[in-house]
Amino acid sequence: MLNIQAQANVPTEFGEFKMMAFSEDDKNWMPHMALIAKNTDLEKPVNVRIHSECITGEVFHSQKCECGQQLNSAMQFMQENGGIIIYLRQEGRNIGIINKLKAYALQEKGFDTVQANLELGLPADDRDFGIAIEMLEKIGIKSLNLMTNNPEKIQIIKDSSINFNSRIPLQIKSNESSASYLKTKKDFFGHLLDDEN
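A brief report on the enclosed structure follows.

Scoring rules and cut-offs
Residues numbered from 1 in each chain as written. Predicted model: local features only at pLDDT ≥ 70, side-chain atom pairs only at ≥ 80, totals over all residues. Heavy atoms only, no water. Buried < 20%, exposed > 50% of the residue type's maximum accessible area, 1.4 Å probe, protein only. Helix = DSSP H or I, 4+ residues; strand = E, 2+ residues; numbered from the N terminus. Contact = heavy atoms within 4.5 Å. Patch = residues over 30% accessible without salt bridge, like charges linked within 9 Å, V, L, I, M, F, W, Y side chains within 5 Å. Areas by Shrake-Rupley, 256 points an atom, 1.4 Å probe, with all protein chains shown as cover. Salt bridge = Lys/Arg side-chain N within 4 Å of Asp/Glu carboxyl O.

## Examining helix α6 (residues 130-139)
Stage number 1. Taken together, the buried positions of α6 are Ile131, Ala132, Ile133, Met135, Leu136 and Ile139.
Stage number 2. Close packing links the buried residues of α6 with β2 (15-23), β3 (32-37), β4 (46-52), β5 (84-88), β6 (143-147) and α7 (151-158).
Stage number 3. Positioned one or two residues after α6, Gly140 has a phi angle of 100 degrees, which is positive.

Here it is in C-alpha cells:
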C-alpha cells in the first residue's frame, strides 16, 4: 500500500507546487510523485495529468517523443487552472532506461516503438495506472478532468471510484524524429490525436 512519505512546497519556473512522495516505505529512492498546483480546489472536479517518467525526453530533451513538452505544458496548465500531476516512475512504458535504449537502437534499424519492445521480448506497454488511482484516492480526489490522449487512462478512471468528468486534450506538434512515434501511439494504442499532428 502506498503512503505519503514526505511533502513540501517547491517553487518551479511554472509556479509553486506541493510535491508529495508516495511509496510503500520511506527508504524508496524512486517514489511516485504528486505535484499539486497552488490554489487547487480539491472539492471541485480537479484537473489531473497522469504522466509516466521519461528521462530521455524530460531531462535530456530527446526529440524522439513529446514527453518533456507534455510535462511542461501540464505544469503550466495546472498553475493557470489548478490541478495535479501524478508522476509515475515507469520509465519507457515501464521497461526501464536500459531496455528503452536497446529499443531505441532497434528503432534506428527501422522498428517502430512497439515492434522494438516486442523484439526484445518485452510488452508493448507495461505501465500500471492503478497506482495513480491509489494516489488520487489518498489525496482525496472524488471527481476529475483528465488531461490525456490515452483512452486506457480514461477507462482506468471510469472503472475506479473517482468520477470522470471530462477530457482535456494534450497534443504536441510532431517533429521529424517524433512523427513515427506519434503515429504508433495513434495507430496501435488508439491515442486521440488529430491527423494534422
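## Details of unusual backbone geometry
Stage number 1. One non-glycine residue, Asn39, lies in the positive phi region at around 70 degrees.
Stage number 2. By secondary structure assignment, the location of Asn39 is in the loop between β3 and β4.
Stage number 3. For Asn39, a relative accessible area of 74% corresponds to the exposed category.
Stage number 4. For Arg93, which is not glycine, the phi dihedral falls at a positive 55 degrees.
Stage number 5. Arg93 sits in the buried class, given a relative accessible area of 12%.

## Structural notes on the environment of Met147
Stage number 1. The topology assignment puts Met147 in strand β6.
Stage number 2. With 70 residues separating them in the primary sequence, Met147 and Phe77 have C-alpha atoms 9.7 Å apart.
Stage number 3. Among residues more than four places away in sequence, those in contact with Met147 are Val48, Arg49, Ala74, Phe77, Met78, Ile168 and Leu170.

## Quick word on a nonpolar patch on the surface
Stage number 1. On the surface, Ile97, Ile98 and Leu101 cluster together to form a nonpolar patch covering roughly 280 Å² of accessible area.
Stage number 2. Mapped onto the secondary structure, Ile97 falls in helix α4 (residues 97-107).

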